[in-house]
Structures are given as structure tokens and as C-alpha cells.
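The residues making up each chain are set out below.
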Amino acid sequence: MAVADFSRLFSPRSIAVVGASADTAKLGGQVVARLAATFDGALFPVNPAHRQIAGRAAIPSLADLPQPVDLAVALAPGAALVDELERCPAGRLAFVAAIPSGFGEVGGDGPALQARLAAAARAIGARLVGPNSVGLFNGTTRLNASIIPLLTPARSRGLGLVTQSGGFGMAAAMYAADNGLPVARFCDVGNSADIGAAELLDHLTQDEDTAVIGAYIESARDPAAFAAALARANERKPTLLCLLGKSAAGRRASQAHLGIAPAPAALRVALPRSVLEVDTGLDLLHAAKALLSAPPVTGNRLAVVTGTGGIGTELSDLASERGLVVPAFSAPLARTLAARLPPYAATGNPVDLTPVWRDYPRLYPAILADIAASGEADMAIVSITDVPTTVPDLAAALARSAPQLRRLPLIAYWGSRDCDLAAMSTLQTAGIPCYRSTRETADAAAVIWRGARASRGD
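These numbers come from a predicted model, not from an experiment.

Scoring rules and cut-offs
Residues numbered from 1 in each chain as written. Predicted model: local features only at pLDDT ≥ 70, side-chain atom pairs only at ≥ 80, totals over all residues. Heavy atoms only, no water. Salt bridge = Lys/Arg side-chain N within 4 Å of Asp/Glu carboxyl O. Helix = DSSP H or I, 4+ residues; strand = E, 2+ residues; numbered from the N terminus. Buried < 20%, exposed > 50% of the residue type's maximum accessible area, 1.4 Å probe, protein only. Contact = heavy atoms within 4.5 Å. Axes fitted to C-alpha atoms, helices over the stretch in contact; angles between N-to-C directions. Parallel < 35°, antiparallel > 145°, perpendicular 65-115°, else oblique. Left-handed = near helix turned anticlockwise from the far one by under 90°. Nonpolar A, V, L, I, M, F, W, Y, C, P; charged D, E, K, R; others polar.

1. A few points about the pattern of salt bridges
Then step 1. Tallied over the full model, the rule gives 17 salt bridges.
Then step 2. Between Arg 116 and Asp 83 there is a salt bridge whose closest N-O contact spans 3.2 Å. Of this pair, Arg 116 sits in helix α4 (residues 110–123) while Asp 83 sits in helix α3 (residues 78–87), and the two are 33 residues apart along the sequence.
Then step 3. Under the relative-accessibility criterion, Arg 116 is labelled partly exposed at 35%.

Structure representation (C-alpha cells):
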């Protein structure tokens, strides 16, 4: 089998779309239209019924490609796709991203059809992603070789994500757009008839644009190889794993949609201890946002700054349960904080500013600056709830203060109505990750500490 140069997968210079359509109501039309609008390389729509699609000359089949192509995005169904690859001359394709389902995950002829698909790709020297995949994208170059309609370009380095669930890929794209999460690389390996998660983990480990690695995994054809790749990844970068199929019902569901026998027990036995395991896909995205936003921390001391005492208590309990310490501040620091606050405010940690809402844009940055200067905390949670979420000056003031507080990573609990989310995006754009439940906020603080410990080999 050819050794894969994954740069040709994620940064292709030429793409063919098999099953391209002139009708943008169809997936084949949507995919080729998006590529035509954003892809600068050679683009070949493949459809024998058209001469031109999306402003590009169409070709009847892969056998008619005028040049070798780095990536074929395959949308043609089942046997038609297999026939297309079997007629393609050797050496014309480097990679095939097979989108259609109806292969190894279904009964009847599905497994045999998948074996033919893999054999056809192998015979022409191509590596196969899928089938039963939503595709892939490169967030830093805006390459969208997938059926996911929404792609938010990464600002810089970001999350490298490998999944076996197309639905999770869709959810991750929406989360990234709403939360300012930079996704540098994404690939859904689907049924893994050829390329599996292990090879992609190795690529992401070396990829300069990937700062944090995430894996949303149900099974692996070779659990030992996957665990070894995960260990190599985790030695270089924070690595998040959501391992599914823990229950009998979950394993049945996984078998039905991937056609691979789940092996969570075998995978877990081989897992490196320092891998950051999470329970759900949303937990993975929340954790990635925290890790990408926060600088490395050297300790687990947490400051909590809030406008309401009850939320401060709740956050302190949750943080303590997760291995963080919410220390009582020293008398000198408490006096410094008290000088800025009403006499009935609490200054011992948590710091309760009390409901002097109109003063929050001045008080929050000043209090956090005092805590940062004291060296008595390694990170801080700021709780912004109810009325303060409607004060745009508060979010703007915290965003402006963020660069001066880099030694004190900030995480925000944002407790607002859905209609008051605009100011939250101001914080996230400034690199302050926000969460809408106290549990998620405490989880984010804990994962920053766990990530720091893992990077040191603790």
C-alpha cells in the first residue's frame, strides 16, 4: 500500500468531484459550487451529462481526467462509484474521499461492495477516506471538501479533529462558528475501509497548524495501532479523546452505522494515562476551546470573581470536585480588593462584587489585575450573569484587559438569555472562552490544569 502524503489530502492542488451536479439543490451541486468559489487549484466536475458545471468544464469520467489529481471527492452512489474507480487508470488519483453510505455498515451486499471499493482504490494507487463519510476540510486554507455547508476559517493554529461520525462533524462546524473555535483540520474517516484514525492522528501530530488534537471514536480495526498513535500524539500536543460504545446499546448503534465491531474495552486498556478523555462530543469541543485559548498554567489555584455569592459557591464546589484549589486570599490581597469594593463585598475568594452592576466594567478588570499581580492564583473564572450580560461595556472592558492578564488565564461563565449572547462573542474573540453552565465552566478550568500536567508528564 502506498505511503500517504497527507499534505495532498488536506492541501490538494487539484480536485475532481465525482457526481458533480449543475443543480445546487443537490449535494453534488452544493459541493462543487463551494469549491468553485473558494478553491484556487484545478477543479474537475465529473458528470457525463454536462459540458460545464459551476463555471468549470465537466468531464465524463475519471478515466478522462486530463492530469493526475490529488483528491477526488466522490458523491456517486454505491456500485456507480466502484465502477468509476475500477475504470480509472492507475496513478491518476492520490486520495479518494468517499461520501456515500450503503457499504460495510449495511447488510446484504454492503460489505462486499466496500471490499470492491477499497480494492479499486488500492489498484490505482489511491488512498481511501470512508466510505460513509462527510469528508474533510482544512480551516487555514478554507478548503471544504465535505458536505458540511458551514466552514469558519481558522484564525491561526487550531483544533485538528478526526471522527467516525459525520453528524458530529456537522455539530463541530456549527459549534466552531458560534464559539470562535478555530478548527485547523477535520476528517471523518467513516467506515475506515482504508485510512483509519491512527494514520490521521500521526499526521495531525506533525501538522504545524494543529495545536490541539481531538478524536471522536467508536471503534478501531487495530486497537493497538490506534492507542500507539494516540500516545505519540499526546507526547507532542494536548490530545482529547471521546470514546463511545461503552454500553451494549451504544455498541449495537456503532456496529449499525459503521460496520466495525466496537472495541472500547481494548482501546481503553491501551490508552496512555495522560490522554485527556472526555464523556461527550460537546465536552471535547468545550475542552478544545479552553486549551486553545489559555496559556500554559503552572498550578491549580483558581480565583473566582462573581457578582452573586451563590454562583461563586457553586463554581467553587464544582472546581474543588475536579481537583482544583480555590484558596483563601492573603490578608494583604483581601485588603487591596476591599479598597475597590463596597464594604459588604466578599474578598476572600470567591470575590463577590455584589450587584453594583454599572461599576462592573471598571471593577472586573481592576480586581483581576490585582489578583494577577499577587501571584496567588493560576487561573480565574469570572461569572457574568443576568443583568451584567446586557451591559456591553463589561464584555468590552474584559476583552481589552485580556492581553494584560495572560499570566492569569480567564474563563467566563456566561449566564444569560439566548437573546443576550452578542456580548459573549466579544469575550471569545478576545480569547476568553465562555460557557453557559457552571459545570461546563468548571470542566474547562480543570482541563486546562489536566493539559498542563499532561504536557509535563505528571
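2. Digging into the environment of Ala 445
Then step 1. Here Ala 445 shows up in helix α16 (residues 438–456).
Then step 2. Through-space distance from the C-alpha of Ala 445 to that of Pro 100 is 40 Å; in sequence the pair is 345 residues apart.
Then step 3. With residues near it in sequence (within four places) discarded, Ala 445 still touches Leu 302, Leu 324, Met 379, Ile 381 and Ile 411.

3. Comments concerning the packing of helix α13 (residues 360–374) against helix α14 (residues 392–401)
Then step 1. Where α13 meets α14, the closest approach of the two axes is 8 Å, and the angle between their N-to-C directions is 25 degrees. It follows that α13 is roughly parallel to α14 by the angle criterion. Every pair of crossing elements has a handedness; the one defined by α13 and α14 is right-handed. Residues Tyr 360, Pro 361, Tyr 364, Pro 365 and Leu 368 of α13 form the contact with α14, whose own contacting residues are Asp 393, Leu 394, Ala 397, Leu 398 and Ser 401.
Then step 2. A per-class count over the contact of α13 with α14 returns eight nonpolar, one polar and one charged.

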